[in-house]
Number of protein chains: 2
Amino acid sequence: MEEKEISQAVISRLPRYFRYLGELKDQGIERISSQELSDIMKVTASQIRQDFNNFGGFGQQGYGYNVEYLFQEIGRILGLNQKHNLIIIGAGNLGQALANYGNFERRGFLFKGVFDKNPQLYGKKIRDAEVQPMEHIEQFVKSNNIDIAVLAIPKTEAERVAEQLVDYGIKGIWNFAHVDLNVPEEVQVENVHLSDSLMKLSYNINRFHNGGGGKPDAPQ
Amino acid sequence: MEEKEISQAVISRLPRYFRYLGELKDQGIERISSQELSDIMKVTASQIRQDFNNFGGFGQQGYGYNVEYLFQEIGRILGLNQKHNLIIIGAGNLGQALANYGNFERRGFLFKGVFDKNPQLYGKKIRDAEVQPMEHIEQFVKSNNIDIAVLAIPKTEAERVAEQLVDYGIKGIWNFAHVDLNVPEEVQVENVHLSDSLMKLSYNINRFHNGGGGKPDAPQ
DNA sequence: AACCTGCTGTCAATTCATTGACATTATTTT
DNA sequence: AAAATAATGTCAATGAATTGACAGCAGGTT
């Protein structure tokens, strides 16, 4: 079979290619070489060719890559040609912000519903949905063909809710709770650990301004 | 004498160690071996020891690591013993959500102000701050010792605002705008590209459900 | 006190990712 | 139509990250 496993390192770079190609397309640029793309994106041309070749050849020797075609292909690889129905669990600040952020729709991620355990929020209108009680999740997932659940709840509840979602047949979890979920391998989890990211920023600021967060000045 | 550079791969893992050690500490656990931690965290014991040793030895042979001490040390490496003053640029859904999320304070990231270009939001109270016009940023950054700016504005404006922030002497930018910022190397940027993350999730869902149903690797 | 056990720190081996080099092939030019 | 040019696809070389192995030391045991 043609499909050999593709490393997550490569996958992580695809959205960035997709973004740049989209911009080139919007600028009306029709063709581009790996070298030109390399200059724009600040990665080596070799890596670009290597990455694309994981999925078969999208380019032509002597010509380069057709921007529109490559954009479409990468979109397809990322599954953006298909619609994904998603629900948001947790109607707090973050849950509401994500629900109201319309840009995901553009890539086929359709916001379908939002759930919270706080009765005071039931019925509150967010985007085109009303906040529903957690007890409705099962029915809703099953009858609305929901692929993805966005977990925007405290970490104390995340594991329990995730297990339920798995039982209901969810395919992927976009996890904003600060905890590592333990789910079967057929359920995909993508973590967004904001505080981890902020700590990394803190380290890098320190490294530069205080000469590295390196060694303890007094070991023990 | 220059410390040897520590790879970002290692740094990226530190917040996770920090989180697990904090939990162990809260459970009253005093000591732990790399092997025990390995079992809990699902990474190899070798990697744990290797990672910690980048910063000097925190453990003792025959004993293991003291949880409290290791927790403190990793916190210090990440710069969490220092306070960081931060402002949020953009009082939209995401900006407000981040401002209202109190958990960052716990690690020394203090929310000091929020700015937006929309006059209708001026004066709106968010947490302990009122939304201010963008023109106030310069003065505010300089007189309040602001380290970090959180960019929660559309990508069309992000580059321009980032340049200004650099001029005002900001040390780090936590960038939620979907664009790669071009800043001098002494300014640290940490990107949170949410849609990239969502696309990665989409790929992985696809890979499993449509892409030949392949697991990462056949069990040996 | 001497011995045994457990576990780190570290070096070597291995695996994985990135970069460099170039033969090959399409396009363009003359 | 043939030659020149351009740029891919791919293989080999290099570099980085992870894992494995073990000497040596601290702490516990008898």
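Structure shown above.
My aim in this report is to walk through the structure given alongside it, one point at a time. Note that this is a predicted model, so its numbers are computed, not measured.

Section: helix H8 (residues 194-209) of chain B
Link 1 in the chain: For H8(B), which comprises 16 residues, the first-to-last C-alpha distance of 23 Å matches the rise-based estimate of 22 Å (1.5 Å per residue) to within 8%.
Link 2 in the chain: H8(B) sits mainly inside the fold: 15 of its 16 residues count as buried.

Concerning the side chain of His193(A)
Link 1 in the chain: Along the polypeptide, His193(A) turns up in the loop between strand E10 (188-191) and helix H8 (194-209).
Link 2 in the chain: Non-local contacts of His193(A), meaning those with residues more than four positions away in its chain, are made with Asn175(A), Ala177(A), His178(A), Val179(A), Asp180(A) and Arg19(B).

Regarding the packing of helix H1 (residues 8-26) of chain B against helix H2 (residues 34-41) of chain B
Geometry of a packed helix pair, given as the angle between the helix axes and the separation of the axes.
Residues and elements named next belong to chain B.
Link 1 in the chain: Running from N to C, H1 and H2 point in directions that differ by 105°, and their axes come no closer than 12 Å. By the angle between their directions, the pair H1 and H2 is classed as roughly perpendicular. Where H1 abuts H2, its residues Arg16, Tyr17, Tyr20 and Leu24 lie against Leu37, Ile40 and Met41.
Link 2 in the chain: The residue inventory of the contact of H1 with H2, partitioned by class, reads 6 nonpolar, no polar and 1 charged.

Section: the sheet that holds strand E2 (residues 59-60) of chain B
Residue and element names in this part refer to chain B.
Link 1 in the chain: One open sheet accounts for 3 strands, arranged E1-E3-E2; its pairing is antiparallel. Two strands lie at the open edges of the sheet, namely strand E1 (31-32) and E2, each paired on one side alone.
Link 2 in the chain: With 2 bridges connecting them, E1 and strand E3 (residues 64-66) associate as antiparallel partners. Bridge assignment links arginine 31 to a residue of E3, and that residue is asparagine 66.

Here's the deal with the protein's contact with DNA strand D
Link 1 in the chain: Near DNA strand D there are 23 residues, and of these Ser34(A), Asn53(A), Gln61(A), Ser46(B) and Gln50(B) occur at the shortest range.
Link 2 in the chain: Ser34(A) places a polar side-chain atom, nitrogen or oxygen, 2.6 Å from a phosphate oxygen of DNA strand D.
Link 3 in the chain: A distance of 3.4 Å is found between a phosphate oxygen of DNA strand D and a backbone nitrogen or oxygen belonging to Phe58(A).
Link 4 in the chain: Those elements that provide at least two residues to the surface near DNA strand D are helix H3 (45-53), strand E2 (59-60) and strand E3 (64-66) of chain A together with helix H3 (45-53) of chain B.
Link 5 in the chain: Sort the elements by how many residues they give to the surface near DNA strand D and H3(B) lands first, with 4 residues.
Link 6 in the chain: For the surface near DNA strand D, the class distribution of residues is 3 nonpolar, 17 polar and 3 charged.

Structural notes on the relation of the copies chain A and chain B
Link 1 in the chain: Relative to chain B, chain A is turned by 180° and slid 0.0 Å along the rotation axis, the superposed coordinates differing by an RMSD of 0.1 Å. Taken together, the rotation and translation describe the operation of a two-fold axis. Residues of chain A ranked by C-alpha distance from the rotation axis are headed by Ala97(A), positioned 3.2 Å from it.
Link 2 in the chain: Comparing interface residues between copies, 96% of those in chain A also lie at the interface in chain B; the contact surface is shared.

A few points about the sheet that holds E3(A)
To summarise the sheet geometry, strands pair through backbone hydrogen bonds and adopt either a parallel or an antiparallel arrangement.
Link 1 in the chain: Spatially, the 3 strands line up as an open sheet ordered E1-E3-E2 (chain A), and their pairing is antiparallel. Lying at the two open borders of the sheet, with one neighbouring strand each, are strand E1 (31-32) and E2 of chain A.

Considering the pattern of salt bridges
Link 1 in the chain: Using the criterion set out here, one finds 22 salt bridges over all chains in the structure.
Link 2 in the chain: Residue Asp180(B) pairs with Arg16(A) through a salt bridge whose shortest N-O separation is 2.8 Å. Note that Asp180(B) is positioned in the loop between strand E9 (172-175) and strand E10 (188-191) and Arg16(A) in helix H1 (residues 8-26), a pairing that runs across two chains.
Link 3 in the chain: Arg127(A) is the salt-bridge partner of Glu105(A), the closest N and O atoms lying 3.3 Å from each other. Of the two residues, Glu105(A) is situated in the loop between helix H5 (93-100) and strand E5 (109-116) and Arg127(A) in the loop between strand E6 (125-126) and strand E7 (129-133); the sequence distance between them amounts to 22 residues.
Link 4 in the chain: One network of salt bridges, with partners in common, ties together Arg16(A), Arg19(A) and Asp180(B).

Examining the interface of chain A and chain B
How big an interface is tends to be reported as the loss of accessible area on association of its parts.
Link 1 in the chain: Across the contact, 69 residues belong to chain A and 71 residues belong to chain B.
Link 2 in the chain: The tally of links between chain A and chain B comes to 10 salt bridges.
Link 3 in the chain: Its salt-bridge partner being Glu190(A), residue Lys200(B) comes within 3.7 Å of it at the nearest N-O pair.
Link 4 in the chain: The interface formed by chain A and chain B contains 22 residue pairs in polar contact (both at pLDDT 80 or more).
Link 5 in the chain: For the side of chain A that touches chain B, the secondary structure elements donating two or more residues are H1, helix H4 (67-77), H5, strand E9 (172-175), E10 and H8 of chain A.
Link 6 in the chain: No other element matches H8(A), which puts 16 residues into the side of chain A that touches chain B.
Link 7 in the chain: Across the side of chain A that touches chain B, the residue classes tally to 29 nonpolar, 22 polar and 18 charged.

What about the protein's contact with DNA strand C?
Link 1 in the chain: Looking at DNA strand C, there are 25 residues lining it, with Gln50(A), Gln61(A), Ser34(B), Asn53(B) and Gln61(B) nearest.
Link 2 in the chain: Looking at DNA strand C alone, sugar and phosphate atoms form 58% of those within 4 Å of the protein.
Link 3 in the chain: Within the contact set of DNA strand C, a phosphate oxygen lies 3.1 Å away from a backbone nitrogen or oxygen of Gly59(B).
Link 4 in the chain: Measuring from a phosphate oxygen of DNA strand C, one finds a side-chain N or O atom of Tyr65(B) at 3.0 Å.
Link 5 in the chain: Broken down by secondary-structure element, the contributors of at least two residues to the surface near DNA strand C are H3 of chain A together with H3, E2 and E3 of chain B.
Link 6 in the chain: Along the lines of polarity and charge, the residues of the surface near DNA strand C split into 3 nonpolar, 18 polar and 4 charged.

The rules we used
Residues numbered from 1 in each chain as written. Chains lettered and ligands numbered in written order. Predicted model: local features only at pLDDT ≥ 70, side-chain atom pairs only at ≥ 80, totals over all residues. Heavy atoms only, no water. Helix = DSSP H or I, 4+ residues; strand = E, 2+ residues; numbered from the N terminus. Expected span 1.5 Å × (residues − 1). Buried < 20%, exposed > 50% of the residue type's maximum accessible area, 1.4 Å probe, protein only. Contact = heavy atoms within 4.5 Å. Axes fitted to C-alpha atoms, helices over the stretch in contact; angles between N-to-C directions. Parallel < 35°, antiparallel > 145°, perpendicular 65-115°, else oblique. Nonpolar A, V, L, I, M, F, W, Y, C, P; charged D, E, K, R; others polar. Pairing = 2+ DSSP bridges. Near = heavy atom within 4 Å. Polar contact = N/O pair within 3.5 Å; in protein donor to acceptor, adjacent residues only side chain to side chain. Least-squares fit on C-alpha atoms with pLDDT ≥ 70 in both. Salt bridge = Lys/Arg side-chain N within 4 Å of Asp/Glu carboxyl O.

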